[in-house]
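# Working through the structure, step by step
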Amino acid sequence: MIIEWLTGFTIVVGSGFMLVAALGVLRMPDLLTRMHATTKAGVLGAGLIMIGVALHFASGPVLAKAVAIIAFLILTAPVAAHVIGRAGYFMGLSLWDKTTVDELKGRYDEATHTLTSPPDTDTPPDGQGRA
Amino acid sequence: MIALIWNIALMLIWVALTGSFTAPNLLLGFVLGYLILGLALRDTPEFAKYVGKVPKFIGFIGFFFWELLLSNLKVAYDVLTPTHHMCPGVIAMPLDAKTDGEITIVANLISLTPGTLSLDVSSDRKVLYLHVMYLVDRDAVIRSIKALEARVLEVLR
Amino acid sequence: MLHYAIIVSYLLLSLALVLGFIRLVRGPSLADRVVALELLASLTVGFIGVSVIYSGRAPFLDVAMVLALTAFLAAVAFARYLEKGGQRSDH
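Residues numbered from 1 in each chain as written. Chains lettered and ligands numbered in written order. Predicted model: local features only at pLDDT ≥ 70, side-chain atom pairs only at ≥ 80, totals over all residues. Heavy atoms only, no water.

### Side note on the interface of chain A and chain B
Buried accessible area, meaning the area lost when the parts come together, often serves as the stated size of an interface. Heads up, the condition is: Any two residues whose heavy atoms approach within 4.5 Å are treated as being in contact. The term buried area refers to how much accessible surface (probe radius 1.4 Å) is lost by two components on association, counted for both of them together. Any carboxyl oxygen of Asp or Glu within 4 Å of a side-chain nitrogen of Lys or Arg constitutes a salt bridge here. Pairs of N or O atoms are called polar contacts if they sit within 3.5 Å, as long as, within protein, a hydrogen donor faces a hydrogen acceptor (for residues adjacent in sequence, only side-chain-to-side-chain pairs). Helical segments are the DSSP runs of H or I of at least four residues, strand segments are the runs of E of at least two, and each set is numbered from the N terminus. Residue type decides the class: Asp, Glu, Lys and Arg count as charged, Ala, Val, Leu, Ile, Met, Phe, Trp, Tyr, Cys and Pro as nonpolar, and the leftover types, Gly among them, as polar.
Taken residue by residue, the interface counts 44 residues in chain A and 43 residues in chain B. Interface area, chain A with chain B, both sides summed: about 3700 Å², of which 68% is carbon and sulfur. On the chain A side of the contact with chain B, Arg 27, His 36 and Lys 40 of chain A bury the most area, a combined 18% of that side's loss. Summed over the shared surface of chain A and chain B, the number is one salt bridge. Inspection of the chain A/chain B interface yields six residue pairs in polar contact (both at pLDDT 80 or more). Elements with a contribution of two residues or more to the side of chain A that touches chain B: helix 1 (2–27), helix 2 (31–57) and helix 3 (60–91) of chain A. Split into classes, the residues belonging to the side of chain A that touches chain B amount to 25 nonpolar, 12 polar and seven charged.

Below, the structure written as C-alpha cells:
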C-alpha cells in the first residue's frame, strides 16, 4: 500500500519535472539557458520515474536496469550539453540580451578547434563582446 | 581500490552462503564485509583509507541528490513564473582537478547542480568554462563551485 | 490510486512532448533543434518507464535503456557534424 503511494508519487513528480523541462525548452530565451532546463529537469524527471519503476517491481533485475538507466542519464546528459554548447559556439550562437559576461567568446581557434584559457585567470577579461 | 574488491568479494561470499541473490541481501553482505574490513584490517593504511572513504561517499551521494533537487526547483520557479529573473553569463573557473577522469566527473556534477552548466575545458586543462544562470556575484559563484569541486576530489583521491 | 497516478503522468508527459515538439519545429538554430530532440528522447524514456508500470512487463525497460544510449550518440554525432562544417545557420 505504502509502496503503491510512493510509486504514484515518484512518477507524477517525475512527469511534472519533465513537463517543466519541456516548458523551459520552449520558454527560455537562448540555447544555453534552454540546455539548463533539459539537463537538470530531464535527468531528475526520468530518474524519478525509474525509481518509481524499481519500487513498483521491487526485484533484482528491474532494480539493476533502473539503476543502470539512472547512472547512464547522469553520465551522458551533461556530456551532451557540453558537445551541443560547443557546437553552438562554432556556429556562432547569439546569446540573450541580458547575458552579463561571456568569457568564452573568441577563445576557440576556428582552424584547430582548440580552446585557450584566459591570459590571467584571476582577473576576468572584459567579456562584454556579443555577436 | 584493492579494499573495494575485497569488500565485494566478502559480499559475494555472504550471498553465496545465504543462498539468496536479492538486492537487500547484497546490501547486507556489503555492510557486513565493510564492518569486517574495518575491524580486522584497520591498521593497514590501504584499508584504513577505504574505511574512511565509504561514509564520505554516501554523504556525498546524499548531498548530490539534494543539490539536484534544489537546482530543479530553482529552474522550475523561473520557468513557471511569467518574467525571467535570470542574469546569465559565461565565466572561466580555474580547475584543481588534474586527470581526465577527475575533470569529467567534476564537470558532470557541476552541470547537474543549481544554476550552472559546464560548457568546455580549455585545451591546456587549466580552466573550465561555465554558463551561470544567476550571475549576480561572480566571486561567490566561483567560491561555491570550488567547494563542490573540493568535495568531489576528496572522495576521488 | 496508482491507476490515477499513471493517467496523470501520461497526461503530463504527453503535454511535455507537445511542447518539446513546438521547440523542435520553431528552431531557430539547428543546435536548438538538437536540444529539443534530446529532450524528446528523455521524455520517451520516462514514457516507457510509466508504461512498464502500467503494463507490468519489465522487459520493456531494455527499450528505454537502448533509447537513452542512441539518443546520446545521436546528440554527439549531430554536434560533431555542426562543429566540423555543417550548415552554419538554417533560418
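Resuming the write-up.
### Focus: the packing of helix 3 of chain A against helix 2 (residues 30–55) of chain C
Defined as follows: Angular values range over 0 to 180 degrees, each being the angle between N-to-C directions of two axes fitted as lines to C-alpha atoms, with helices fitted over their stretch in contact. Our angle categories are set so that under 35 degrees counts as roughly parallel, over 145 as roughly antiparallel, 65 to 115 as roughly perpendicular, and the remainder as oblique.
Orientation of helix 3 of chain A relative to helix 2 of chain C, taken along the N-to-C sense of each, is 170 degrees, at an axis distance of 10 Å. The orientation of helix 3 of chain A relative to helix 2 of chain C falls into the category roughly antiparallel. Between helix 3 of chain A and helix 2 of chain C, the contacting residues are Ile 69, Ala 80, Ile 84 and Met 91 of chain A on the first element and Leu 30, Ala 31, Val 34, Val 35, Glu 38 and Val 45 of chain C on the second. Per-class residue counts for the contact of helix 3 of chain A with helix 2 of chain C are nine nonpolar, no polar and one charged.

### Notes on the environment of Asn 7 of chain B
As for its placement among the helices and strands, Asn 7 of chain B is situated in helix 1 (residues 2–18). Note: C-alpha distance between Asn 7 of chain B and Leu 35 of chain B (28 residues apart in sequence) is 9.4 Å.

### Remarks on helix 2 of chain A
Residue and element names in this part refer to chain A. As a reminder of what qualifies: The span you would expect from a helix comes to 1.5 Å times its residue count less one. The term bend refers to the angle at a residue between two fitted axes, each drawn through seven residues, those ending there and those starting there. Note on exposure labels: buried denotes an accessible area under 20% of the residue type's maximum, exposed denotes more than 50%, and partly exposed covers the range between, all computed with a 1.4 Å probe on protein chains only.
Taking 1.5 Å per residue as the helical rise, helix 2 with its 27 residues ought to reach 39 Å, and the 38 Å between its terminal C-alpha atoms agrees with that figure. Along helix 2, the sharpest kink reaches roughly 25 degrees, centred on Ala 41. Counting buried positions along helix 2 gives 23 out of 27 residues, so the element sits mostly inside the fold.

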